[in-house]
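Coordinate analysis (summary)
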Amino acid sequence: MSAAIIDGKAAAQALRDRIADEVGRFRSATRRAPGLAVVLVGEDPASAVYVRSKGKATIAAGMESFEHRLPADTSEEHLLALVEKLNHDPTVDGILVQLPLPAQIDESAIILAIDPDKDVDGFHPVNAGRLATGLPGFVPCTPLGCLKLLQAALGDLRGKEAVVVGRSNIVGKPMALLLLGADCTVTLAHSRTRDLPEVVRRADIVVAAVGRPGLVRGEWIKPGAAVIDVGINRTEGGLTGDVDYPAASAVAGAITPVPGGVGPMTIACLIRNTLVAAARRDGHLLPADL
Ligand SMILES: NC(=O)C1=CN([C@@H]2O[C@H](COP(=O)(O)OP(=O)(O)OC[C@H]3O[C@@H](n4cnc5c(N)ncnc54)[C@H](OP(=O)(O)O)[C@@H]3O)[C@@H](O)[C@H]2O)C=CC1
Ligand SMILES: Nc1nc(=O)c2c([nH]1)NC[C@@H]1CN(c3ccc(C(=O)N[C@@H](CCC(=O)O)C(=O)O)cc3)C=[N+]21
């Protein structure tokens, strides 16, 4: 069997088109544009690429993009002051501080300083708590994008066995909570998991978010399973995911490629969260399924 390739690029473009339509309605109703502030500290080339594509997507959707580039030696106090300013800026609906931050800055102090109602990354503990308890809030963009890809590929996820590999606060943990919310039976695996191959073999849905190229082998995949590869690894052979794609795609029912899978959906969901933030602030109604 050969897996259906889940085209994240096309799905992301379709979502971005829908958002652009809704932004048009928002602008007519409120006479203002939603605004996203993106903060980049330092000159990491990969981060600079992401920040640029976020800015482009924001503008293409009819929103305002505010980019703040700070030098690598920026102090924590300085960054906290900028976040505070953005929290109070009425033209800013969403704030994203690109991670990782330089070593002299405490990431969790910065995340805690962001107004939870402008936290379009969904990294603030208030939003993590809302997700964990089923309250409305902001869901991290990468796992939200994975959920949307799975729902588009499989429809109803109810009762499916889902295995998430990786337990970070930004991908693995919120992914597990979203799958639980969709009524999957969820296993959250990590570096201390005993017999990872056996755990993955049970899964109807596998989400790999580890950061190790090709860690998930083709032999671990149950025939017909859906495989979502979150990994972005820069190797000599180019960009690769956490799944051994050639082997897994021979067994899986559906699989995301890297690039062109989860990455573009992350950016589309960031634009989505920014529109949701603006709509909540102004009491503007959006379609429930956006
Ligand atoms: N496409 C996109 O939009 C995005 C892609 N990414 C990519 O996703 C990947 C994961 O990112 P992130 O969650 O931030 O990574 P982290 O490094 O924060 O977390 C990695 C997780 O993988 C687990 N792990 C490490 N080695 C193994 C192993 N051998 N077996 C099982 N589990 C293991 C770790 O376990 P433990 O907790 O026990 O240490 C940890 O929970 C990276 O490649 C990153 O670049 C990230 C964000 C967005
Ligand atoms: N505050 C914060 N929020 C984030 O959401 C965040 C972050 N920091 N730090 C870094 C990670 C990583 N991330 C990606 C976004 C898009 C692609 C993406 O579009 N990838 C393309 C390829 C792009 C390329 O060639 O590198 C693809 O997979 O097709 C990948 C990864 C967001 N992150």
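Definitions and cut-offs
Residues numbered from 1 in each chain as written. Chains lettered and ligands numbered in written order. Predicted model: local features only at pLDDT ≥ 70, side-chain atom pairs only at ≥ 80, totals over all residues. UniProt positions renumbered as here; feature names shortened; annotations may be inferred. Core = buried A, V, L, I, M, F, W, Y, C linked by C-beta atoms within 7 Å. Buried ≥ 20, exposed ≤ 12 C-beta atoms within 10 Å, placed from the backbone. Helix = DSSP H or I, 4+ residues; strand = E, 2+ residues; numbered from the N terminus. Domains from an automatic or database assignment. Contact = placed C-beta atoms within 7 Å. Pairing = 2+ DSSP bridges. Axes fitted to C-alpha atoms, helices over the stretch in contact; angles between N-to-C directions. pLDDT = per-residue confidence, 0-100. Near = placed C-beta within 6 Å.

- Looking at an unreviewed UniProt entry, one finds the chain named Bifunctional protein FolD, with Sphingomonas ginkgonis as its source organism.
- Taken from UniProt, the Function (unreviewed entry) comment for the chain reads in full: "Catalyzes the oxidation of 5,10-methylenetetrahydrofolate to 5,10-methenyltetrahydrofolate and then the hydrolysis of 5,10-methenyltetrahydrofolate to 10-formyltetrahydrofolate."

1. Notes on the nonpolar core
- Counting residues in hydrophobic clusters, the biggest one holds 93 residues, and the most contacted among them are Val-164, Val-206, Val-207, Val-227, Ile-228 and Ala-252.
- Here the element with the most residues in this core is helix α10 (residues 262-282); it accounts for 12 residues.
- Two domains share this core, each providing at least three of its residues, namely domain 1 (31-117) and domain 2 (141-263).
- For Val-207, the residues in contact, after removing those within four places along its chain, are Cys-146, Val-164, Val-165, Met-175, Ile-228 and Val-230.

2. A word on the UniProt feature "binding site: NADP(+)" (unreviewed entry) in the chain
- Summarizing the sequence annotation, UniProt attributes the feature "binding site: NADP(+)" (unreviewed entry) to Gly-166, Arg-167, Ser-168 and Ile-232 in the numbering used throughout.
- Inspection of the secondary structure assignment puts Gly-166 in the loop between β5 (161-165) and α7 (172-181).
- Here Gly-166 is in contact with Val-171, Gly-172, His-190, Ala-209 and Val-210, once residues within four sequence places are set aside.
- If you trace the backbone, Ile-232 turns up in the loop between β8 (226-229) and β9 (233-235).
- Beyond its immediate stretch of four places on either side in the chain, Ile-232 contacts Leu-239, Val-258 and Gly-263.

3. Some details on the UniProt feature "domain: Tetrahydrofolate dehydrogenase/cyclohydrolase catalytic" (unreviewed entry) in the chain
- UniProt marks residues 6-121 with the feature "domain: Tetrahydrofolate dehydrogenase/cyclohydrolase catalytic" (unreviewed entry), using the numbering shown here.
- Between the end C-alpha atoms of residues 6-121 there is a gap of 24 Å, over a span that is 50% helix and 16% strand.

4. What to know about the environment of Pro-287
- Tracing the chain through its elements places Pro-287 in the segment after α10.
- Here Pro-287 falls in the exposed class, since 8 other C-beta atoms lie within 10 Å of it.

5. With respect to the sheet that holds strand β3 (residues 64-70)
- Ordered by their spatial adjacency, 3 strands build an open sheet running β3-β2-β4, and the pairing between neighbours is parallel. Since the sheet does not close on itself, it has two edges, and those belong to β3 and β4 (94-97), each with one partner. Strand-to-strand, the axes of this sheet are offset by a mean angle of 15 degrees, without reference to chain direction.
- Where strand β2 (residues 35-41) meets β3, 7 bridges bridge the pair, whose relative direction is parallel. Opposite Val-38, over in β3, you have Glu-67 as the bridge partner.
- Those strands touched by helix α2 (residues 45-60) are β2 and β3, and its axis lies near 170 degrees from that of β2.

6. Examining the pairing of strand β7 (residues 205-208)
- Side chains Ile-205 and Val-207 project from β7 onto one buried face, and the interleaved Val-206 and Ala-208 project onto a second face that is buried too.
- Here β5 pairs with β7 via 4 bridges, running parallel. From the neighbouring strand, Val-163 faces β7, where its bridge partner is Val-206.
- Looking at chain direction, β7 and β8 are connected through 4 bridges and run parallel. Opposite Ile-205, over in β8, you have Ala-226 as the bridge partner.

7. Here we look at the confidence of the model for the chain
- Averaged over all residues, the pLDDT of the chain equals 97, while 100% of them reach at least 70.
- Predicted as a complex, the structure gets a pTM of 0.98 and an ipTM equal to 0.99.

8. Re the site of ligand 2
- In the vicinity of ligand 2 lie 17 residues, with Gln-98, Leu-99, Pro-259, Gly-263 and Thr-266 positioned nearest.
- For the shell around ligand 2, the elements supplying multiple residues, two or more each, are α2, β4 and α10.
- Per element, the largest residue contribution to the shell around ligand 2 is 4 residues, and it comes from α10.
- Lining the shell around ligand 2 are residues from two domains, each supplying at least three of them: domain 1 (31-117) and domain 2 (141-263).

9. Regarding the sheet that holds β7
- Here we have 6 strands laid out as an open sheet, ordered β1-β11-β8-β7-β5-β6, and parallel in their pairing. The open sheet has two edge strands with one neighbour each: β1 (4-5) and β6 (185-189).
- By the bridge criterion, 2 bridges tie β1 to strand β11 (residues 254-255) in an arrangement that is parallel. If you follow Ala-4 over to β11, its bridge partner there is Ala-254.

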